[in-house]
Amino acid sequence: MARWQVRRGTMQAELRGFPGHSVWHKATTTTTTTTTKSNGSKLNTTSNSSGVHPSQTNGSYSHFGTFPRRRPVHKDFLAGTLIGPLLSQDHACGTSEAAQLEQRLRSLGCELVTLRSRLPPSLHHSAPAAPQHTPTNNTNATSSTTTTAAATATTATTTAPANGNNPSSHNTPSSINTNSTASTNNSTTNNNKNSSHGTYSNSNSPQLPPNYPLGSRTPTPGSSDAQITPNNSTLADPHNASQSFLADGVVVRGGGMAGGAQELEDLIHLAGPLTEDAVLKTLHARFCQGHYFTNVGPILLSVNPYHELGNALTLTSTRAAPQSPHLLRVVHEAVRQQSETGYPQAIILSGASGSGKTYTSMLLLRQLFDVAGGGPETDAFKHLAAAFTVLRSLGSAKTGSNSESSRIGHFIEVQVTDGALYRTKIHCYFLDQTRVVRPLPDEKNYHIFYQMLAGLTQDERAKLHLEGHNVRTLRYLSEGDVRQDEAEDARRFESWKACLGVLGIPFLDVVRVLAAVLLLGNVTFIEGQGLEVDIQGGSHELKSVAALLGVSSASLYRGLTTRTHNVRGQLVKSMCDANMSNMTRDALAKALYCRTVATIVRRANSLKRLGSTSGTLSSDSNESVHHQAEVASQHASTVGTAGSKASKSMSVLNNAVKHATDGFIGILDMFGFEDPKPSHLEHLCINLCAETMQHFYNTHIFKSSIESCREEGITCEVEVDYVDNVPCIDLISSLRTGLLSMLDVEGSVRGTPESYIQKVKVQHKGNARLYEPKANHSRSFGIHHFASRVVYDASDFLDTNRDIISDDLVCAFHKQSCNFGFATHLFGSELKALFSQEPVPRGVSFRISPTSHTDLQNGDEPVSTLTQDFHTRLDNLLRTLVHAKPHFIRCIRSNGSEKTNVFDRATVIKQIRALQVLETVNLMAGGYPHRMRFKTFNMRYRLLAPFKKLRRIEDKTVDDCKLILEYFVRSLEDISKSSTVAIQWALGKRHIFLSEGARQQLEMLRIETRHRAATLIQAVWRGWHFRRRWPTLKRNLELRARSRTVRPRPQPIAGTPPPDVMDRCDQKTIQQTCSLFGLDLERPPPVPPSRSYTITGNHKMGYPQTRLMKMNFPEDGGGETVLMKGESVVVIGASPRRGHLLVDHQGHSVHVPFQYMELKPSAQPGVNI
């Protein structure tokens, strides 16, 4: 049996060449931890941490990094002076508690450094007024003193070594070093001293403002850095009336939390200590104000308020949803970066099941079409909306925690070139096959079955053999929740039926297969009198299934109850018992459903968009078009560079290839973490996917930033203590000892669930991530995931993982014996491989779900199991994401019972800890999460410096960056007074490192500078253009003034030649014609009255009408009456002016062009025409 492999080396090579990602280090590193004794002395502890996988040899590279594996820590502590009681004898009675307290102290020091960086320079060495605790014994008093000393010593600035000790000091120029100590005079002295030790200074460059607030951090020699700390922060004071006490007794400024929490759109601007409670209160305040999106720097948090519980979560059902400016900014940023760099972009949504990922992805896709795709009226959007309507019904189901749970993961790949969308592709990841035949007791099967039963007509029911059947009489549906909203299901079924027609898929073909799946559940085999098995209740259901699938009932019965075996080259047929026959029946039902979904996805991807060069696309492939073109481009760029002409021609070729396969913008909506009871193999794979996405987030946000600073000699005071979930991923998916690998081995030797669990417990006896549940069941085990603990029932692990269907059943659908072409098409690849040689059947097996492998069998077994195929597809997805620039959206569910506008603090705080929101806020507020190449920084922000002072040559790029930063400091004099976030940067060997506050201010200054420049350019051009036209305009005004009393002659129609003199009618003919038709030359006929109605679709709508203003009227606002965009107005009738409507506004009638208004979406009375 072919085995899957974790291709870590390939992933490392790809990450190593990816700009913006860290370079992978050796797996063994030395970590130095600085702790503090009670007397204030420092103790350096050196530890050797290894991240090498047991299967790897020495000297190999580790894919999962070099940091020690830290146990998860609950950061519910708040202030250093309040941790004294935690070190009492009751809390530190064991080794685990002591280790946890040490971990909390380390994290506390990190938070205190962040708080210290927000204080003004004059308060850096002053102790805050802390609440006094009355110790109950001497131990508590000593612990409190020790904790305070440790917290104070942790925040002390580390003395840097002398110049020359840093390896980067010889080639890294220093930047603006702004250091401060206890007073401003000392700060100025330190700056002068640093200037004598290589600090950048230039007499021709602008100097710092004299009263500019200087930072508090001493930069390490050799790694130039600067920090600007605003001086408007104040310490928490017990006597301040604007403060409020949190639930745990910590003082937080009222201005930062209670007063303006709902207006705080970015959590990095939180005032006071950065704690979980502060983050939670801010999210709660914004939630109560209806603000469900909050930024953490470039990362977006989305809290699901459950406003639309009945929403089908499709592009069509979300058209009335309000557009979020936060999501629009994410889309604009992705389109901008893709158009400027040509690099792929990926918007990654992650969170627990029910947190609103699918709803948010639909909003993102709509806004992406609005920005780059021409809007919802294009054919591409309508086709994609129809595809999602069909797939949502087929791929969503009700679970215990989510009534609209997506059981199919989606990666929507949108190909964009020159800022315009031209092709979309949907990658689907289908896992939950067992739900088709055995839903959990409190859950439902897939929505399409309930919608079909509610929406079929009586004639259609008769054709599909479903007369007399309902949810309670069909076994595949009655085992789960049988409650149903028939009216809503019937409405959705009509939409689903119409969307199938848009995709060009025959409706009857699909529902025949779905009806056959439902009726298969009622075919129950029991032991018979002889060798053959009998069918309980007669063979009526089996005949109905056979008729729907276009095969004979005899051939279907043989396929379900017989099995061909190859014994030493001899074919032997055997009869299956009742249990095996029922398992084969369930396998056929799952195969029909999975392959129908895959066929619809392939059809949805087969539409040729405008400008597309590809034909039918398969949903089984996860390789990106951009990735394939990138490989070709890299190969082309290494050939033929000997001469300048060849180099130029290859450059043109590479640009052409890049333009032809421009980078995509992907929207990833994968499975969310869930804990159903009981949990099966599919849920283990779903949670593995959630663990992998969490590790991808940790790598890009935390690990990449930390390792980049370490490589380039940048010292950052804020050390983010994030929880690495690599041990859990290794436990599940490592190459030899992982749970999935051991499951494959156990399946190959025909093991049992008990033997599998026993081997797992022996192999991972000391693994902290694996635990034994309280109910000591021989077939269950528990895993400590990043979100929570989950207990898995391994009773069906082996059968589910085998995922096979016999060739005895597949050959029944060959075109010679099956007259239903759609059913034959579902098994097309298998039938082609099966009938390529004789005899048929010959005892081989195929996968239930369609596989992407070209070789369908390896001997008499499929080439892969369910877990192997899923891991391969997940690996291919990660390869695509590695080559893209990620944009993260972290989704949070507001409560666990899907109640509208209910914010459950316990549920939210659990997700905040799992998603490591607090650690992200700490990094964004006080670390260096962004890095840019010097050349890239220079190209983007050089407009902030005077044009004449920039060198603009390759060798002087670093000098230009320093000049830009100097003018950036001067521009921040007024801005920093109203900001509470530290603005800092550092110059490394190859990159410039920026804090999130510095990046935001740079972007704001860049936008303001570009806006001023654009305004100036427009003003100059308009002045020149008007002066050029003024002579002609003046002449026309004078002529118009002279001829005001004379009626102007109407201008002839453009392009119409004057009539010939000979063709003109004489006066007599004109009079005869007028008398014939009853016309009077002196009085022309009146203009016919305007109609008293308007036509919308197929309805006549009379007046008055309520309409919405699409734009301001008048546009310049110069008139007396101003109708604003979005204002609701009342149209009382048609205007005598052509193309105008009469609007009643504040008692006045206004003539408004009809293009300025649109009908309200609400239904208005009308008459069919």
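Here is a short report on the structure shown in this document.

Criteria and thresholds
Residues numbered from 1 in each chain as written. Predicted model: local features only at pLDDT ≥ 70, side-chain atom pairs only at ≥ 80, totals over all residues. Heavy atoms only, no water. Helix = DSSP H or I, 4+ residues; strand = E, 2+ residues; numbered from the N terminus. Buried < 20%, exposed > 50% of the residue type's maximum accessible area, 1.4 Å probe, protein only. Contact = heavy atoms within 4.5 Å. Areas by Shrake-Rupley, 256 points an atom, 1.4 Å probe, with all protein chains shown as cover. Phe/Tyr/Trp six-rings, centres within 6.5 Å; stacked < 30°, edge-to-face > 60°. Lys NZ or Arg CZ within 6 Å of the ring centre and 35° of its normal. Patch = residues over 30% accessible without salt bridge, like charges linked within 9 Å, V, L, I, M, F, W, Y side chains within 5 Å. Salt bridge = Lys/Arg side-chain N within 4 Å of Asp/Glu carboxyl O. Lys, Arg positive; Asp, Glu negative; His and termini not counted. Charge placed at Lys NZ, Arg CZ, Asp CG, Glu CD. Core = buried A, V, L, I, M, F, W, Y, C linked by side-chain atoms within 4.5 Å. Pairing = 2+ DSSP bridges. Axes fitted to C-alpha atoms, helices over the stretch in contact; angles between N-to-C directions. Polar contact = N/O pair within 3.5 Å; in protein donor to acceptor, adjacent residues only side chain to side chain. Bend = angle between axes of the 7 residues up to and from the residue.

**Quick notes on the overall build of the protein**
Assigned secondary structure in the protein consists of 34 helices and 36 strands. Expressed as a percentage of the 1169 residues in the protein, the buried residues total 51%. When contacts within the protein are restricted to residue pairs at least 6 apart in sequence, those whose partners lie at least 24 apart make up 70%. When the accessible surface of the protein is split by element, carbon and sulfur atoms take 53% of a total near 55,300 Å².

**Observations concerning the packing of aromatic side chains**
Aromatic ring pairs are described here by two measures, namely the spacing of the ring centres and the angle between the planes. The final tally for this structure, using the stated rule, is 27 aromatic pairs. Look at Phe673 and Phe786: their rings are 5.8 Å apart centre to centre, the planes differ by 65 degrees, and that puts the pair in the edge-to-face class. Note that Phe673 is positioned in the loop between strand E17 (664–669) and helix H20 (681–711) and Phe786 in the loop between strand E19 (780–784) and strand E20 (789–793), a separation of 113 residues in sequence. Residue Phe673 is classed as buried on the basis of its relative accessible area of 8%. Measuring from centroid to centroid gives 6.1 Å for Phe781 and Phe797, while their planes differ by 90 degrees, and the two rings are edge-to-face. Note that Phe781 is positioned in strand E19 and Phe797 in helix H24 (residues 797–802), a separation of 16 residues in sequence. As far as the burial class goes, Phe781 and Phe797 line up, both buried. Members of the aromatic cluster, connected to one another through ring pairs, are Phe696, Tyr697, Phe702, Tyr722 and Phe888. For the cation-ring pair, Lys444 lies above Tyr450, with the distance from its terminal atom to the ring centre recorded as 5.0 Å. A cation over an aromatic ring shows up here: Arg512 above the ring of Phe820, its NZ or CZ 3.8 Å from the ring centre.

**Quick notes on a negative patch on the surface**
Taken together, the side chains of Glu527, Glu532, Asp534 and Asp577 make up a negatively charged region of the molecular surface. Within the secondary structure layout, Asp534 lies in strand E14 (residues 533–535). Asp534 sits in the partly exposed class, given a relative accessible area of 36%.

**Here's the deal with the nonpolar core**
Core analysis: the biggest nonpolar cluster contains 113 residues, and Leu365, Trp496, Leu588, Tyr593 and Phe827 have the highest contact counts within it. Beyond its immediate stretch of four places on either side in the chain, Tyr593 contacts Ser393, Leu394, Phe430, Val436, Tyr446, Ile448, Phe449, Leu514 and Val517. Within the second largest apolar cluster, 82 residues are counted, among which are Ile268, Val279, Phe411 and Leu681.

**Some points on the pairing of strand E7 (residues 299–304)**
In terms of burial, E7 is largely enclosed, as six of its six residues are buried. Burial of the side chains of E7 extends over both faces: Ile299, Leu301 and Val303 are buried on one face and Leu300, Ser302 and Asn304 on the other. Across four bridges, strand E6 (residues 293–296) lies against E7 in antiparallel orientation. Within E7, the residue paired with Asn295 across the bridge is Leu300. The loop that links E6 with its antiparallel partner E7 comprises two residues; one of these, Gly297, has a positive phi angle of about 70 degrees. Of the strand pairs in this sheet, E7 and strand E25 (residues 885–893) are connected by five bridges, and their pairing is parallel. Paired with Val303 across the strands is Ile892, a residue of E25.

**Points about helix H15 (residues 540–549)**
With seven of ten residues buried, H15 lies mostly within the body of the structure. Buried-residue contacts for H15 involve helix H11 (458–463), helix H14 (507–520), E14, helix H16 (553–561), helix H17 (578–604) and helix H26 (821–826). In the segment just after H15, Gly550 is the residue with positive phi, at about 75 degrees.

**Points about the sheet that holds strand E12 (residues 420–430)**
The pairing of strands in a sheet comes from backbone hydrogen bonds and takes either a parallel or an antiparallel form. Ordered in space as E6-E7-E25-E8-E17-E11-E12, the seven strands form an open sheet in which the pairing is mixed. Across the chains shown, the open sheet's two edge strands, defined by having one partner strand only, are E6 and E12. For this sheet, the mean angle separating the axes of adjacent strands, direction not counted, is 20 degrees. Of the strands in this sheet, E7, strand E8 (345–351), E17 and E25 touch H20, which is tilted by about 125 degrees from E25.

**Comments concerning the side chain of Thr318**
Among the secondary structure elements, Thr318 is positioned in the loop between E7 and helix H6 (325–341). In terms of polar contacts, Thr318 uses its side chain to reach the backbone carbonyl oxygen of Leu315, at 3.4 Å.

**Some details on the environment of Tyr359**
The residue Tyr359 is located in helix H7 (residues 357–373) in this model. Here Tyr359 falls in the partly exposed class, since its relative accessible area comes to 22%. For the pair Tyr359 and Thr318, spaced 41 residues apart in the sequence, the C-alpha separation amounts to 7.8 Å. In contact with Tyr359, other than residues within four places in its own chain, are Glu308, Asn311, Leu313, Thr318 and Ala321. A polar side-chain atom of Tyr359 sits 3.2 Å from a polar atom in the side chain of Glu308.

**Observations regarding H20**
What sets the pattern is the α-helix's 3.6 residues per turn: residues three or four places apart point alike. The largest bend in H20 is about 40 degrees, located at Thr699. Of all 31 residues in H20, 28 are buried; the element is thus mostly enclosed. Of the residues trailing H20, Gly713 is marked for its positive phi of about 70 degrees.

**Concerning a nonpolar patch on the surface**
A contiguous nonpolar surface patch, about 310 Å² in accessible area, is contributed by Phe1026, Trp1030 and Leu1037. Residue placement: Phe1026 occurs in helix H33 (residues 996–1042).

**Here we look at the pattern of salt bridges**
Scanning the entire structure with this criterion turns up 33 salt bridges. The closest approach of N and O atoms between Lys398 and Asp481, which form a salt bridge, is 3.8 Å. Here Lys398, found in the loop between strand E9 (396–397) and strand E10 (405–406), pairs with Asp481, found in the loop between helix H12 (475–478) and helix H13 (486–503); they are 83 residues apart in sequence, far enough to count as distant. Residue Asp481 is classed as buried on the basis of its relative accessible area of 9%.

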